[in-house]
Amino acid sequence: MFVHLVLIKLKPGVTRSDPRVAAWQAVFNELPKKIGGILRWENGWNARERPGSYDFGLNSAFATREDLEAFGPHPAHQEMVVRMREIADWVMCDYEVGEWITD
């Protein structure tokens, strides 16, 4: 399984109530319905305000590297990225998960 982790920071002057944020989030929330291969799609707004924290997080998973690779250039994803560039900056990490550690 491949995890796609994204942390999003709203640009200065952009708040959660900005209409562009609502428009971006509507497109963002539709991605699992439009793009195949997504096994997990959990996300949400930061629940604690602390220095250096990000505003929004996404933790998603894909069964195969091919599914993850197809996600990035997908037109629905690219539409979301264009909207997100207007309102936010982000960092991401893609990693492979083997077995879960339970101890």
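Heads up: the structure comes first, above all this text.
Parameters and conventions
- Per chain, residues are indexed from 1 in the order of the written sequence.
- Thresholds applied to this predicted model are a pLDDT of at least 70 for local features of residues and 80 or more for the giving and counting of side-chain atom pairs; totals over whole chains, interfaces and linings are not thresholded and use all residues.
- Hydrogens and water molecules were not included; the side-chain quantities draw on all heavy atoms of the structure.
- Every axis in this analysis is a line fitted to C-alpha atoms, fitted for helices over the stretch in contact. Angles between the N-to-C directions lie between 0 and 180 degrees.
- Helix and strand assignments follow DSSP, with helices taken as H or I runs no shorter than four residues and strands as E runs no shorter than two, numbered in order from the N terminus.
- Throughout this description, any angle smaller than 35 degrees is read as roughly parallel, any larger than 145 degrees as roughly antiparallel, any in the 65 to 115 degree range as roughly perpendicular, and the remainder as oblique.
- Here a crossing is called left-handed whenever its near helix is offset anticlockwise from the far helix by less than a right angle, and right-handed whenever the offset is clockwise.
- Residue contacts are counted whenever heavy atoms from the two residues lie within 4.5 Å of one another.
- Each residue is assigned to one class: nonpolar for Ala, Val, Leu, Ile, Met, Phe, Trp, Tyr, Cys and Pro, charged for Asp, Glu, Lys and Arg, and polar for all the others, Gly among them.
- Two strands qualify as a pair provided that DSSP identifies no fewer than 2 bridges between them.

This next bit is on the packing of helix 1 (residues 19–34) against helix 3 (residues 75–87). Orientation of helix 1 relative to helix 3, taken along the N-to-C sense of each, is 160 degrees, at an axis distance of 9 Å. By the angle between their directions, the pair helix 1 and helix 3 is classed as roughly antiparallel. Our pair here, helix 1 against helix 3, has a crossing hand that is left-handed. Together, Arg20, Val21, Ala23, Trp24, Val27, Phe28, Leu31 and Lys34 of helix 1 and Ala76, His77, Glu79, Met80, Arg83, Met84, Glu86 and Ile87 of helix 3 make up the contact between the two elements. Across the contact of helix 1 with helix 3, the residue classes break down as 10 nonpolar, one polar and five charged.

Another point: the sheet that holds strand 1 (residues 2–10). Judged by pairing direction, the sheet is antiparallel, and its four strands sit side by side in the order 2-3-1-4 without closing on themselves. The outermost strands of the open sheet, each flanked by one partner alone, are strand 2 (38–45) and strand 4 (88–96). Averaged over all neighbouring strand pairs, the angle between strand axes comes to 10 degrees, with direction disregarded. Bridge count between strand 1 and strand 4: nine bridges; the pairing is antiparallel. Bridge pairing in strand 4 places lysine 9 opposite aspartate 89. Packed onto the sheet, helix 1 meets strand 1, strand 2 and strand 3 (56–62) and runs at close to 160 degrees relative to strand 2.

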